[in-house]
Amino acid sequence: MAANGQLTVAAILVAAGAGQRLGAGRPKALCLLGGRTLTERAVARFAAHPAVRDVVVVAPPTHLAEVAELVARVQSQARVVAGGALRPDSVCRGLDATAPDVDAVLVHDVARPFVPAAVISRVVAALSAGAVGVIPAVAVTDTVKRVESGRVRATLARESLRAVQTPQGFRREVLVAAYARARSEGLLADVTDDASVLEAAGHPVDVVAGDQHSLKITTPWDLRIAELLATVLDRDGQPAAADALGEPR
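Residues numbered from 1 in each chain as written. Predicted model: local features only at pLDDT ≥ 70, side-chain atom pairs only at ≥ 80, totals over all residues. Heavy atoms only, no water.

A. Seen up close, unusual backbone geometry. Geometrically, the link from Thr 166 to Pro 167 is a cis peptide bond, its omega value of 15° lying close to zero. Position of Pro 167 relative to the elements: it lies in the loop between strand S10 (162-164) and strand S11 (168-171). At Ser 149, a position not held by glycine, the phi torsion is positive, near 55°. Within the fold, Ser 149 resides in the loop between strand S8 (144-148) and strand S9 (151-156). (Helix = DSSP H or I, 4+ residues; strand = E, 2+ residues; numbered from the N terminus.)

In structure tokens, the structure reads:
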């Protein structure tokens, strides 16, 4: 912890995925939005945030030098390390690359290149207030049904449902221990987000407001929407903060 009592925070940006569903013919992290890659845009968000001291980028091993060159344009002090075969492997490599004095980590997917500074601030504030795990989330606006074998089995109450975003924030030592436990129990193959690793270890995970601007780019359609959003944000700057946890209208 810093001498002023504030948490020492590192951002781990996960950029090692192949992006097969995007169909771009190259890793998703290297796709362009308005002349800048997803990696550059995501790194810029965290490098500019006053609560984030360090940035670690976990890159595709096949494009390590290329990602390192891109990252250096935005944050010369950022570390770039090779990712693993699965997302949990990449996160663990990012954790290994953080400095020993880091108290908390923010694990973020570069597939969400427009995360507002206000969301990062809310996650860090919750960690500073004592939470060991924090996720940003938005209300679910669609009706959600559980379907099996082509038939509806249940309609879920959307009032209690949230769509989870990143960055997800954690006390570093808690996340490291939770991942070690999940690995020893053979659970990593089913992990889709880092908070579920803490949940499996019995730790509470707090929820703060996410933001609709922090959309995830997964498909070609997502990329088209993101290109439009990039045009607006590059012209107008950061989106206004929004309380996205409220119930949909």
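B. Inspection of the confidence of the model for the chain at higher detail. Taken as a whole, the chain shows an average pLDDT of 89; of its residues, 90% reach a score of 70 or greater. Note that pLDDT drops below 50 for residues 240-249; the model gives that stretch 28 contacts with residues more than four away or on any other chain. (pLDDT = per-residue confidence, 0-100. Contact = heavy atoms within 4.5 Å.)

C. Geometry of the packing of helix H1 (residues 38-47) against helix H2 (residues 64-74). At a closest axis distance of 9 Å, the pairing of H1 and H2 adopts a crossing angle of 35°. In the crossing of H1 with H2, the sense of the turn from one axis to the other is right-handed. Contacts from Thr 39, Glu 40, Val 43 and Ala 44 of H1 reach H2 at Val 67, Leu 70, Val 71, Arg 73 and Val 74. Looking at side-chain class alone, the contact of H1 with H2 contains 6 nonpolar, 1 polar and 2 charged residues. (Axes fitted to C-alpha atoms, helices over the stretch in contact; angles between N-to-C directions. Left-handed = near helix turned anticlockwise from the far one by under 90°. Nonpolar A, V, L, I, M, F, W, Y, C, P; charged D, E, K, R; others polar.)

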